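Here are the chains, one letter per residue:
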Amino acid sequence: MPHSSTMTPAGPSAVLQKVLQNNSNLQAVLGEVLSAERKDGLSNQVLRISAQKGVFFLRIGQAGSEALVDRFAEAHNLQLAAGLGVAVPPVYMDPDRGLLLTRALETRQSAKKDLPDMLGQELAQLHNSKLRFEGEINPHTTYAALRKRVSEKLNGNPDWSLSKDVSAVLPDLDRLMADVGLQSQLVLVPSHGDLSEANCLLADNRLWLIDWEFSGMADPCWDLAYAIQEIGFDAEAERRFVTAYESGQHRPIDRAALEVMKARCDAISALWAVVQLLDRRDPATFAPFALERAARALKQKPA
């Protein structure tokens, strides 16, 4: 459960007031603001707002995330996914400012045991939809862009450095990405791109996928591998997840390709965390994350 804090002069109210001062349209959508709470987010600020016109979640893009996120592509893809019924419909979007407002839904933790089956079915629906998302998720292109940011930051500022243990894994990750080869030439499908447990919302007796900022057209194995790794499915949950997906697809997936993609996803997640460290974000959060993902990527590298 995300940590929240009540409204204080230096907290959510100050952030929200600044946003509303620069955006009268958002103020009109909300009406009078009654209270706000800050929710933890790795890439963004998130506020839960009780207002005259309802209860909402407001996503505010964090400084530093703009280089990694195309907010206009996100807005396009989110609208398509909401039309398909797999995403919470946006109430208000301002891609220029990284703002996204959605209505709050009541969640039910009791349905968590059904997540592997529900997510497999939902992914099959999304991948079969023939929607055309903006942007493309290519593991090697993504890794190269992150690696370039790391090198530029380290070379451009001599005062910036990484701990020895984090620095030591970078060459290993580079070798891993080279060894697992290029992305297979498959038909790309509309993909969420960031299927962590926090982005799977169980509400209203169904599953909603939220946070579409890294969505795009991708190898089907990307969503599958990312979900297995980031949600932490055990062997039985993974079996149910893949079985539900294959049932919706009416064909089996390439298991060898899925194992390769798991290693790629973890390598990219590790390098993403290194970028957060160089953006001067909390080392107690991002250093362990980087090391854990790197260790798992290297351990699971296919022979």
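Fair warning: this is a prediction, and the values are worked out from it, not measured in the lab.

J.: Would you take a moment to explain the sheet that holds strand S11 (residues 216-218) for this structure?
T.: Backbone hydrogen bonds hold the strands of a sheet together, and the pairing may be parallel or antiparallel. Taken in spatial order, the three strands make up an open sheet running S7-S11-S8, and their pairing is mixed. The outermost strands of the open sheet, each flanked by one partner alone, are strand S7 (136-137) and strand S8 (189-191). In terms of strand pairing, S8 meets S11 through three bridges, oriented antiparallel. The partner of Val189 across the bridge, within S11, is Ala218.

J.: What is the right way to look at unusual backbone geometry in this model?
T.: The bulk of non-glycine residues show a negative phi, and the bulk of peptide bonds are trans. Of note, the phi angle at Asp211 is positive, near 60°, even though the residue is not glycine. Here Asp211 is to be found in the loop between strand S10 (206-209) and S11.

J.: Any chance you could explain the nonpolar core here in plain terms?
T.: Nonpolar side chains in soluble globular proteins tend to be buried together. Within the largest apolar cluster, 68 residues are counted, with the highest numbers of intra-cluster contacts made by Leu119, Trp212, Phe241 and Val274. Of all the elements, helix H9 (residues 255-278) adds the most residues to this core, at 15 residues. Residues contacting Leu119, with those up to four places away along its chain left out, are Leu195, Cys200, Leu207, Leu209, Ala227, Ile231, Phe233 and Phe241. Counting residues in each nonpolar core, the second largest holds 16 residues, with Leu26, Leu30, Ala51 and Phe56 among its members.

J.: I'm lost on empty space enclosed by the protein in this one. Help?
T.: Gaps between atoms show up when a probe of the same size as a water molecule is rolled over them. One pass over the full model with this rule turns up one cavity of 30 Å³ or more. Of the volumes computed, that of the largest cavity is approximately 50 Å³. What lines the largest cavity is simply Arg59, Arg71, Glu74, Ala75, Met93, Asp94, Pro95, Gly98, Leu99 and Leu100. Listing elements by their share of the lining of the largest cavity, those giving two or more residues are helix H3 (71-84), strand S5 (90-94) and strand S6 (99-103). At three residues, H3 tops the list of elements feeding residues into the lining of the largest cavity. For the lining of the largest cavity, the residue count by class is five nonpolar, one polar and four charged.

J.: Looking at this structure, I do not really get the confidence of the model for the protein chain. What am I missing?
T.: Reading predicted coordinates in detail is not appropriate for stretches of low pLDDT. The predicted model of the protein chain has a mean per-residue pLDDT of 88, with 89% of residues at 70 or higher. Within the protein chain, S8 carries the highest mean pLDDT (98), whereas strand S1 (residues 4-5) carries the lowest (35). Every residue in residues 1-10 is under pLDDT 50, and counting partners more than four places away or in other chains gives 21 contacts.

J.: Help me understand the side chain of Asp94 in this model?
T.: In this fold, Asp94 is placed in strand S5. When its relative accessible area of 9% is taken as the criterion, Asp94 is described as buried. Contact partners of Asp94, with chain neighbours within four places excluded, come to Asn23 and Leu99.

J.: Help me out: how do you make sense of the layout of surface pockets in this one?
T.: Roughly 410 Å³ of internal volume is contained in the second largest pocket. Taken together, 22 residues make up the lining of the second largest pocket; nearest its centre are Val187, Val189, Pro220, Gln249 and Arg251. Those elements giving two or more residues to the lining of the second largest pocket turn out to be helix H4 (115-128), S8, helix H7 (220-231) and helix H8 (235-249). In terms of residue count, H7 provides more of the lining of the second largest pocket than any other element does, three residues in total.

Procedures and definitions
- Residues numbered from 1 in each chain as written.
- Predicted model: local features only at pLDDT ≥ 70, side-chain atom pairs only at ≥ 80, totals over all residues.
- Heavy atoms only, no water.
- Pairing = 2+ DSSP bridges.
- Helix = DSSP H or I, 4+ residues; strand = E, 2+ residues; numbered from the N terminus.
- Core = buried A, V, L, I, M, F, W, Y, C linked by side-chain atoms within 4.5 Å.
- Buried < 20%, exposed > 50% of the residue type's maximum accessible area, 1.4 Å probe, protein only.
- Contact = heavy atoms within 4.5 Å.
- 1 Å grid on protein atoms, 1.4 Å probe; cavity = no way out; pocket = protein on both sides within 12 Å on 5 of 7 lines; lining within 4 Å.
- Points joined across faces, edges and corners; volume = space filled by probe spheres on them.
- Nonpolar A, V, L, I, M, F, W, Y, C, P; charged D, E, K, R; others polar.
- pLDDT = per-residue confidence, 0-100.

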